[in-house]
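Close look at the chain arrangement
What follows is the residue order along each chain.
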Amino acid sequence: MTPLLVENALVVGMTREGDVVRGGAVLVEDGAIAALHGDARRRGAEIAAAGRPLDRIDAEGLWLLPGFVQTHVHLCQTLLRNGPDDLPLLAWLEEHVFPGEAVLDEETMEVSARLGLAELIAGGTTALLDMGTVRHTDAIFRAAAASGARVTSGNALMDDPATTPPTLLTAAGAGLDETDRLGARWHGAAGGKLRVAYSPRFALSCSEGALRGAAERARAHGALLHTHAAESAEEARLVRERTGRSNLRYLHDTGFSGPDVVLAHVIHTDDDDRTLLSARGTNVAHCPSSNLKLSSGICPVADYRARGIRVTLGADGAPCNDRLDPFAEMRLAAQLSRVRPGSPPLSAWEVVRMATADGAAALGLSDVGTIEAGKRADFVLLDPEAGFAAPTAWRDGPYGPLVWSFDRSHVAATYVDGVALYRRATPSPAAALRPPATEIARAVEKMRARRHL
Ligand SMILES: [Zn+2]
């Protein structure tokens, strides 16, 4: 693989607040970040002087960030986008999602996964945790392998006949054996980018044996555990009715707590649940667009973070969002943190960190999520002049614009392991209407100069 030197970017490293280098450089060798800034330029010069091939990108005017990490998506549901819009969670699952997943076959599953991955990558997502459906998970992995993205997925376990339609019902042993088989085939494939997770759909769709079996097998294989939890009030009520415990306590009792567990949503929780999440280091995937569309409620992110609980971001599935766009989730997470009176608002830095480094940590991906020498070269190039985020001059740091005014039209390129998976096509005709950056900068300076008036 030819080394790649990206020069002259605004490098937003995300290791700590203020880790921002103007005119920065990143040298990529063998899919990893080999050196940064001055070291990168020196090493690039050595490679060129030795007559070895070196690819160069002049990223003048672009911002370079770690790729976004989405900790909860459903690639199998992309073809179910634009279904009914006004149903609450359980009715929406029964009427639209479960019947839709039941009719997927290998071919339609692969189309669904490809469509979702294309959208995710074009929006700057480089790593994701996906919940498959009960069958055809190989098709998801085939699409993931072809996409080049860093994908963790697994077959959803649904073995409770009281809550699972017969078309999806799979005995616990058969479902768990299928995850084992997928693990043997795909875990570590595509140069380590693919991984298999044990994924009971949610407490209501599974027997206690399925949950316990998933936790045991995941730990035997060093795999992630992924499920939905406390998403809607009705679901939380039904779990308490069936088990005599809260959703979070019940999941903990069956093995679903700890740093190797990602719980999606986690909205309806009490003080005991939150103490448990914090004490066990369990990860929360906050999916704000989905939660609002399905009237599920608002995740108490500020309280979780104050307790040291790691909160990350996910778009959830296409039919409950209906975009797989990290910028939409970042902006909404920031907005929702301002809804509860007296609750401290999430800063833009905190939100971008949730969407990058914290997401990577939740997925156990210690080698992505920040721009540092030695990490894998998973990054995005963003063009602040591409859409309508200008001017960015009122703020010193990049975090505010990233959360509040950027959207996925600003993604110029997406790289995983130093390979470009996406490059933006030519700008739209509307770009001609837009004042050039120099004219906007002049106007802002003029306004600044007149502020004493
Ligand atoms: Zn979900």
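Attention in this report is confined to the structure presented alongside it. (Residues numbered from 1 in each chain as written. Predicted model: local features only at pLDDT ≥ 70, side-chain atom pairs only at ≥ 80, totals over all residues. Heavy atoms only, no water.)

We now examine the state of the cysteines. A complete count under the given rule lists zero disulfides for this structure. Here Cys287 stays unpaired: no disulfide links it, and the sulfur of Cys320, its closest cysteine neighbor, is 7.6 Å away. Taking the relative accessible area as the measure of exposure, Cys287 reaches 0% and is therefore buried. For Cys320, a relative accessible area of 0% translates into the label buried. (Disulfide = S-S within 2.5 Å. Buried < 20%, exposed > 50% of the residue type's maximum accessible area, 1.4 Å probe, protein only.)

All right, on to the packing of helix H3 (residues 106-122) against helix H4 (residues 137-147) then. Orientation of H3 relative to H4, taken along the N-to-C sense of each, is 35°, at an axis distance of 8 Å. Handedness of the H3/H4 crossing: right-handed. For the pair formed by H3 and H4, the contact residues are Glu106, Met109, Glu110, Ala113, Arg114, Leu117 and Ile121 on the first element and Ala139, Ile140, Arg142, Ala143, Ala144 and Ser147 on the second. Along the lines of polarity and charge, the residues of the contact of H3 with H4 split into eight nonpolar, one polar and four charged. (Axes fitted to C-alpha atoms, helices over the stretch in contact; angles between N-to-C directions. Helix = DSSP H or I, 4+ residues; strand = E, 2+ residues; numbered from the N terminus. Left-handed = near helix turned anticlockwise from the far one by under 90°. Contact = heavy atoms within 4.5 Å. Nonpolar A, V, L, I, M, F, W, Y, C, P; charged D, E, K, R; others polar.)

Quick look at the coordination of the zinc ion now. All of the protein donors around the zinc ion are His72 (NE2), His74 (NE2), His228 (NE2) and Asp316 (OD); their distances to the metal are 2.0 to 2.3 Å. Between the four donor atoms coordinating the zinc ion, the angles at the centre fall across 89 to 174°, so the site counts as irregular. Each donor residue of the zinc ion lies on one chain, and together they are spaced H-x1-H-x153-H-x87-D. Linking His228 in strand E12 (residues 225-229) with Asp316 in strand E16 (residues 316-317), this pair joins segments that are 88 residues apart in sequence. His228 gets classed as buried once you look at its relative accessible area, which sits at 7%. (Donors = N, O, S within 2.8 Å, 3.2 Å for Na, K, Ca; no water. Tetrahedral: all angles 85-135°; square planar, octahedral: opposite > 155°, others 65-115°.)

Next up on the list: unusual backbone geometry. Put simply, Asn321 and Asp322 share a cis peptide bond, and its omega is 5°. Following the sequence through the fold, Asp322 ends up in the loop between E16 and helix H12 (326-336). The phi dihedral of Met14 falls on the positive side, at around 65°, and the residue is not glycine. With respect to the helices and strands, Met14 occurs in the loop between strand E1 (4-12) and strand E2 (20-29). On the basis of relative accessible area, Met14 is assigned to the buried category, the value being 0%.

Okay, the sheet that holds strand E13 (residues 261-265) next. Spatial ordering of the open sheet is given by E12-E13-E14-E15, a layout of four strands whose pairing is parallel. Two strands in the sheet have a free side with no partner beyond their single neighbour: E12 and strand E15 (311-313). Within the sheet, the average angular offset between the axes of one strand and its neighbour, ignoring direction, is 30°. Two strands pair when backbone bridges link them, and E13 and strand E14 (residues 283-286) are joined in this way by three bridges, in the parallel orientation. Among the inter-strand pairings, Leu263 is bridged to a residue of E14, identified as Val284. (Pairing = 2+ DSSP bridges.)

Moving on: helix H1 (residues 37-49). With 13 residues, H1 should cover 18 Å at 1.5 Å per step; its first-to-last C-alpha distance of 18 Å lies within 8% of that length. Listing the buried residues of H1 in full gives His37, Ala40, Gly44 and Ile47. On an axial view of H1, the arc spanned by its buried residues comes to 75°, and they lie on one face. What points out from H1, more than 90 degrees from its buried face, is the exposed set Arg42, Glu46 and Ala49. Looking at the buried residues of H1, the elements they touch are E1, E2 and strand E3 (32-36). After H1 finishes, the residue Gly51 shows a positive phi value of roughly 75°. (Expected span 1.5 Å × (residues − 1). Arc of directions from axis to C-beta.)

On to the packing of aromatic side chains, then. For the coordinates displayed, the defined rule picks out five aromatic pairs. On the basis of an interplanar angle of 25° and a centroid distance of 4.9 Å, the ring pair of Trp63 and Phe406 is categorised as stacked. Of this pair, Trp63 sits in strand E5 (residues 63-66) while Phe406 sits in the loop between helix H14 (399-404) and strand E18 (411-416); the two residues are 343 residues apart in sequence, bridging distant segments of the chain. Like Phe406, Trp63 is buried. Consider the rings of Phe141 and Trp186, whose centres lie 5.5 Å apart with planes at 15°: the pair is stacked. One end of the pair, Phe141, is in helix H4; the other, Trp186, is in helix H5 (residues 172-186), with 45 residues separating them in the sequence. For the pair formed by Phe141 and Trp186, the shared burial category is buried. (Phe/Tyr/Trp six-rings, centres within 6.5 Å; stacked < 30°, edge-to-face > 60°.)

Here the focus is the sheet that holds strand E8 (residues 150-153). Strand order in the open sheet formed by five strands is E10-E8-E7-E6-E16, with parallel pairing between adjacent strands. If you trace the sheet from one side to the other, it starts and ends with strand E10 (194-196) and E16, each paired once. Examined bridge by bridge, strand E6 (residues 68-74) and E16 share two bridges and lie parallel to one another. Bridge assignment links Val73 to a residue of E16, and that residue is Asp316.

In this structure, Leu65 and Leu382 are the most contacted members of the largest nonpolar core, which totals 72 residues. Ignoring sequence-local partners within four residues, the contact set of Leu382 consists of Leu62, Trp63, Leu65, Phe327, Leu402, Phe406, His410, Val411 and Ala412. (Core = buried A, V, L, I, M, F, W, Y, C linked by side-chain atoms within 4.5 Å.)

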